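# Chain and residue survey
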Amino acid sequence: LAFTQTDQARRIGEDERARILADPGFGQYYTDFMAHASWREACGWDRGEVVPFGPLYLSPAAAVLHYGQEIFEGLKAFRHADGSVWTFRPERNAERLQRSARRLALPELPTEAFLDSLRAVVTADEPWVPEATSEESLYLRPFMFASEEFLGVRAAHAVEYYVIASPAGPYFPRGVQPLVVWITDEYARAGAGGTGAAKCGGNYASSLLGKREAAEHGADEILFLDSETHTSIDELSGMNVFAITADGRLLTPALTGSILEGVTRESILRLAADRGLEPLEQKLEMSEILAQLGSGEITEMFACGTAAVINPIGEFRAHGGSWRVGDGGSGEITLALRQELTDIQYGRVPDRHGWLTRL
Ligand code: COI
C-alpha cells in the first residue's frame, strides 16, 4: 500500500493560507489535501491516494454512524530551521493505531503504509507546515472508520482510512497557561475491559458531558477517576496527567488498560529520568494527591498530549472545594520539560533518543 497524488490543484490561495498560518489556533483550518485508502474484507487494503480535502460521501447506514466503529491518531509535523520537516516518534502512533484497530475490530494498517500516508500528505501540503520560528506545527490526524452500509451489529467489511492535516498553535485558547481542572465524581471515562486504552472516538464522546460540567464550574478540563472506586486518577478528556514531588519523583498513573498510552507521556518519563527525576508509574489516589498538594509534598502538576504538549495544572476544583497546585502558576520543572521536548521536536537540540523521522 503506497499513497500517490493525482490532483495537484490547491483548494486555498496563498494569501488566505498566510492569513491562517499567522494565527491558526487549534483544529480550525484544514489543508489542501488528504490521504485516503480503503479496505475491503475480501481484498484487504487498496492503493492509497492523496486527494483534495473535502466532504466524504457516506451512506446514512454506514456502520460508523450507528455503532461508532472508529479510531484515530494525532501527531505533528515540525519544521526545522533548515526548512526540513520532521515528525516525532510516528512509529509509536502506527503501533497504537494497530492496537486500537484490534480492540475495535478494524483492520490493522501496516506501519510502513501509515508512515507513507503521513509523508504523502505532508509532501502535498508542504507550504502548510508553519515556519520554524513559531511554536506552531502541522497537526496530522489519521483516522479509520467502518463505512459499510449495514445495520447488523458486527465488525464492518468495508473500512476507510484518511489522514487530514490542520495547522496548529496552542491547544488551549488561553495558550500555555495553568489549567483549572474539575474533578468529576459522577462520570467515568472508561472501565475495566472497555476501550479506555484505545484511541477511539467513543472515549472522547463519553468525556464531553464531563467537559461541559467542568466549563460550568469555570474549569478548562475534566479529570476522570477510575470507574470502579472513583478514587484514583485516570486521565483528562484527552490528556495524561503527571505530578512532581518536592523530593524529585515524577508520578503518573500506571497503564491499567483504561487510560491512553500517550506517546508524549512515554517521552516525558524518559526525559525526566535523563534529568535525574525518579519516574514512577503507579496508582495515584486522588485524596492523597490533594493532601500532598496541601502539605507541599507535590509541587507541580501538568497535563500532556500531542496536541497540548505539556500544560501546567494550576488548580483542581470539585464539589468539596478547591486545591491550588504550588502557587497556582506554571511549575519550573514542568516548563523545563516542555522546553526540552519542544527543542527536540523543532531540532533545536540534538535528538539523542532518535525520536525524529524526516518526512
Ligand atoms: C492529541 O493530543 O493529539 C489528541 O488526539 C487529543 C485531543 C485532545 C486533541
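Keep in mind that this is a model prediction, so the values were computed, not measured.

### Overview of the overall build of the chain
In terms of helices and strands, the chain carries nine helices and 19 strands. For 359 residues, the compact-globule estimate of 2.2 N^0.38 gives 21 Å, and the C-alpha radius of gyration of the chain, at 21 Å, lies within 12% of that figure. Its C-alpha atoms give the chain principal-axis dimensions of about 60 × 50 × 35 Å. Buried positions account for 42% of the 359 residues belonging to the chain.

### Brief notes about the site of the ligand
If you check the shell around the ligand, you find Gly74, Gly238, Gly305, Thr306 and Ala307 and nothing else. Along the lines of polarity and charge, the residues of the shell around the ligand split into one nonpolar, four polar and no charged.

### Focus: unusual backbone geometry
Peptide bonds are trans in most cases, and residues, glycine excluded, mostly fall at negative phi. Residues other than glycine seldom take positive phi values, yet Ala105 does so here, at roughly 55°. Mapped onto the fold, Ala105 is located in the loop between helix H3 (90-103) and helix H4 (111-124). Exposure remark for Ala105: the 12 C-beta atoms within 10 Å place this residue in the exposed category.

### Remarks on the pairing of strand E4 (residues 48-52)
Relative to E4, strand E1 (residues 3-5) runs parallel, the two sharing three bridges. Each bridged residue has a counterpart across the sheet, and for Thr4 the counterpart in E4 is Glu49.

### Quick notes on the nonpolar core
If you look at the biggest cluster of nonpolar residues, it comprises 81 residues, and the most contacted ones within it are Val121 and Phe242. Not counting chain neighbours up to four residues away, the residues in contact with Phe242 comprise Leu250, Leu251, Thr252, Ile268, Met301, Phe302 and Cys304.

### Here's the deal with the pairing of strand E10 (residues 179-183)
For E10, the tally of buried residues reaches four of five residues, placing the bulk of the element in the interior. Judged from the four bridges that link them, E10 and strand E17 (residues 309-318) form a sheet pairing that is parallel. Following the sheet pairing, Trp182 is matched in E17 by Arg317. Strand direction decides the pairing type here: E10 and strand E11 (residues 221-225), joined by three bridges, are parallel. In the strand pairing of E11, Val181 is matched with Glu221.

### Describing the packing of helix H7 (residues 263-274) against helix H9 (residues 332-345)
Packing of H7 against H9 brings their axes to within 11 Å, and their N-to-C directions diverge by 110°. In this view, H7 runs roughly perpendicular relative to H9, as classed from their interaxial angle. Contacts between H7 and H9 involve Ser267, Ile268, Leu271 and Ala272 on the former and, on the latter, Leu337, Glu340 and Leu341. Grouping the constituent residues of the contact of H7 with H9 by class yields five nonpolar, one polar and one charged.

Parameters and conventions
Residues numbered from 1 in each chain as written. Predicted model: local features only at pLDDT ≥ 70, side-chain atom pairs only at ≥ 80, totals over all residues. Helix = DSSP H or I, 4+ residues; strand = E, 2+ residues; numbered from the N terminus. Rg over C-alpha atoms; globule rule 2.2 N^0.38 Å. Buried ≥ 20, exposed ≤ 12 C-beta atoms within 10 Å, placed from the backbone. Near = placed C-beta within 6 Å. Nonpolar A, V, L, I, M, F, W, Y, C, P; charged D, E, K, R; others polar. Pairing = 2+ DSSP bridges. Core = buried A, V, L, I, M, F, W, Y, C linked by C-beta atoms within 7 Å. Contact = placed C-beta atoms within 7 Å. Axes fitted to C-alpha atoms, helices over the stretch in contact; angles between N-to-C directions. Parallel < 35°, antiparallel > 145°, perpendicular 65-115°, else oblique.

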